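Residue-level structure breakdown
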Amino acid sequence: MAAPIAVAIDAPEIETAARWASAVAPHVSTVKVGLELYLRYGPEVIGTVRGANPVSVFLDLKLHDIPATVAGAARNVARLKPSILTVHAAGGADMIKAAVEAAPDTRIAAVTVLTSLDDTALEAIGMRGPAADAARRLAVLAVGAGAQALVCSPHEVPALRAEVGPDVQLITPGVRPAGADRGDQARVATPEEALAAGADLLVVGRPITRAADPGAAAASLAAALRRAEAAGRS
């Protein structure tokens, strides 16, 4: 069974993205295409990354605009059949509802608070914190508007699970294996910690894609998660 990992395929060119996706697909459930890669290559990149691999595609565009514009954008990308499409929860209930209605066969995941933001950064942009409280408020709003998934820091998973119940998928970026560089992430956890907290899908990018052998790195992480799950059940 593939591990609940979404590998962020943030490659500089489409050929590398396809190679990475093919290498990790036997070990993980999902590959994630972000804004930079999608804007550079457009819809073509989705088919290229999916290829013949039995892997879900997570289209991480973080849509944030007026409801009509987001509905149009969601409708256009829904034809690419991504499993997951992100919108910003801060866009409001009407915007989230518009995305859900425009892409009924795609899981709409609402981004709560970016994992690059800490409490100081939230204060600077005028959002009432701390980050955990802001994430909780946005999560409740998003699920009430029809979002089927939430993107949050691993640190917020237990509180959000308590708020939204067991049926909403919780997706956690900011996941770094022990000893890995934090990069531009402020609120992070190890994969084992995120899984133990109750996350459903772990987003991992550079620790896999910057490894000498991305496929081997994905396999190693998947094996570590299986061991952690087994230990948790024992």
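Residues numbered from 1 in each chain as written. Predicted model: local features only at pLDDT ≥ 70, side-chain atom pairs only at ≥ 80, totals over all residues. Heavy atoms only, no water.

This next bit is on the environment of Ile14. Looking at where Ile14 falls in the secondary structure, it is placed in helix H1 (residues 14-24). Residue Ile14 is classed as buried on the basis of its relative accessible area of 8%. Separated by 73 residues in the primary sequence, Ile14 and Val87 have C-alpha atoms spaced 24 Å apart. Setting aside its immediate chain neighbours within four residues, Ile14 contacts Tyr41, Glu44, Val45 and Thr48. (Helix = DSSP H or I, 4+ residues; strand = E, 2+ residues; numbered from the N terminus. Buried < 20%, exposed > 50% of the residue type's maximum accessible area, 1.4 Å probe, protein only. Contact = heavy atoms within 4.5 Å.)

Turning our eyes to something else, we now look at the pattern of salt bridges. Summed over all chains, the structure comprises four salt bridges. Note that Lys32 is salt-bridged to Asp60, the shortest N-O span being 3.0 Å. Taken together, the residues Lys32 in strand E2 (residues 28-34) and Asp60 in strand E3 (residues 56-63) connect sequence positions 28 residues apart. Exposure remark for Asp60: the relative accessible area of 8% places this residue in the buried category. (Salt bridge = Lys/Arg side-chain N within 4 Å of Asp/Glu carboxyl O.)

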